[in-house]
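Structural overview for review
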Amino acid sequence: MTTSVDNTASAIAHTNIALIKYWGKANEKLTIPYTGSISLTLDKFYTKTKVTFDSQLHADKLFVNGTEQTNLKKAARVLNRVRQLADTNSFAKIESENFVPTSAGFASSASAFAALAGASAAAAGLELDKPALSRLARLGSGSASRSIFGDFVEWLPGDNDENSFAQPLENVTLTDIAVVAVKVNAHQKTISSSEGMKSSAQTSPYYAEWQNVVNRDIVNLKHALTTNNFSLFGQISEANAMRMHALTLSSLPPFTYFEPGTLEVINEVQDLRAQGIECYYTIDAGPNVKILTQTANIPLIKDQLSKQFSPTKISVAHPGPGIEVIK
Ligand code: 2P0
């Protein structure tokens with residue numbers, strides 16, 4: 001027997017930056033990745049989402065920053081799972097607000113699908129623990145599985161729906177981390193993350209070795225984090241990002257998310273390091289660069305960047321919290 005629920009809940013989830021990147025799905029339908037990944041949840045950038053299940057609705061409705069969306073494919077994967085678990089056939093109204101400043105150049109899918117998972121589960125009356133919420137968020141977007149938790153987070157790849165979820169990293173002693181995000185003048189992204197990672201996994205001759213690289217990088221990054229070794233942390237993160245981008249360059253047809261401004265920021269980071277200011281870069285599936293550093297270096301880095309980039313394109317974040325569900 002199916003029942004209907006008429007209930008509302010909200011959730012706030014923060015975005016995350018991957019240090020060891022997720023790039024490829026072994027199972028597209030369930031978003032099971034080929035490899036694990038490690039991220040840092042950030043304090044500044046978040047999504048607040050309200051979900052209302054309403055038996056009077058004839059379809060799910062999604063509003064992002066007040067504008068109704070037509071593509072509900074990923075959201076439906078989360079809502080359909082919630083309906084199945086709650087044994088209801090009510091549709092939902094989703095009202096989502098992104099507090100991700102355009103100057104930051106962060107994608108909002110991680111925070112968006114984590115917030116949707118938390119709000120929709122609570123609205124349907126489900127009491128899910130955090131690993132279960134992480135699995136639910138994963139169905140919307142892989143990186144969202146990590147945004148359920150704060151600070152440093154590892155997504156255990158698993159090989160089925162039950163064992164693929166994220167968890168907080170334990171015994172981390174490296175706590176002084178800052179992220180200086182630089183927004184590069186971007187064209188509209190033409191290759192989505194989903195398409196890009198699919199192409200890399202299917203066509204890059206280096207993909208098999210990438211899986212070995214990630215396994216080693218995860219072990220080494222955890223060592224850096226638990227021994228308070230910022231230099232090792234930065235070196236591994238930077239190398240892992242570039243190795244992910246080497247997969248795009250080695251795909252058929254080759255592609256890249258880099259733009260001229262991306263390389264300009266990389267040069268600035270190398271220049272800062274030559275001056276003895278310790279910082280490293282990481283780049284996701286887009287042209288924007290996130291500089292990893294420690295708090296004392298922020299003013300020096302901003303100073304150097306301001307010679308080439310307007311202050312409106314630079315934002316700073318620190319480690320942030322896990323999901324908050326408001327019922
Ligand atoms: C990551 N990225 O680990 C990697 C690094 C971008 C580069 O996860 O296809 O939006 O929805 O699971 O999570 C961005 O991809 O991809 C991403 P789907 P998602 O953060």
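Quantities reported herein were computed from a predicted structural model and do not represent experimental measurements.

Domains assigned within the chain are domain 1 (7-171) and domain 2 (178-317). Between domain 1 and domain 2, the residue contacts involve 25 residues of the former and 29 residues of the latter. Elements with a contribution of two residues or more to the side of domain 1 that touches domain 2: strand S1 (7-20) and strand S4 (37-54). Partitioned by chemical class, the residues of the side of domain 1 that touches domain 2 number 15 nonpolar, six polar and four charged.

In this section: the sheet that holds strand S12 (residues 289-293). Strand order in the open sheet made by the four strands is S11-S12-S10-S13, with antiparallel pairing throughout. The sheet is open, and its two borders are formed by strand S11 (280-283) and strand S13 (314-317), each paired with just one other strand. Adjacent strand axes in the sheet meet at a mean angle of 25°, parallel and antiparallel pairs treated alike. Taken together, the four bridges between S11 and S12 define a ladder with antiparallel strand orientation.

Our focus in this paragraph is the packing of helix H1 (residues 73-86) against helix H2 (residues 109-123). Packing of H1 against H2 brings their axes to within 10 Å, and their N-to-C directions diverge by 25°. Taken together, the axis directions place H1 and H2 in an arrangement best described as roughly parallel. When you trace H1 past H2, the crossing you get is right-handed. Packed against H1, whose contacting residues are Lys 74, Ala 75, Val 78, Leu 79 and Val 82, the element H2 presents Phe 113, Leu 116, Ala 117, Ser 120 and Ala 121 at the interface. Tallied by class, the residues present in the contact of H1 with H2 amount to eight nonpolar, one polar and one charged.

Conventions we followed
Residues numbered from 1 in each chain as written. Predicted model: local features only at pLDDT ≥ 70, side-chain atom pairs only at ≥ 80, totals over all residues. Domains from an automatic or database assignment. Contact = placed C-beta atoms within 7 Å. Helix = DSSP H or I, 4+ residues; strand = E, 2+ residues; numbered from the N terminus. Nonpolar A, V, L, I, M, F, W, Y, C, P; charged D, E, K, R; others polar. Pairing = 2+ DSSP bridges. Axes fitted to C-alpha atoms, helices over the stretch in contact; angles between N-to-C directions. Parallel < 35°, antiparallel > 145°, perpendicular 65-115°, else oblique. Left-handed = near helix turned anticlockwise from the far one by under 90°.

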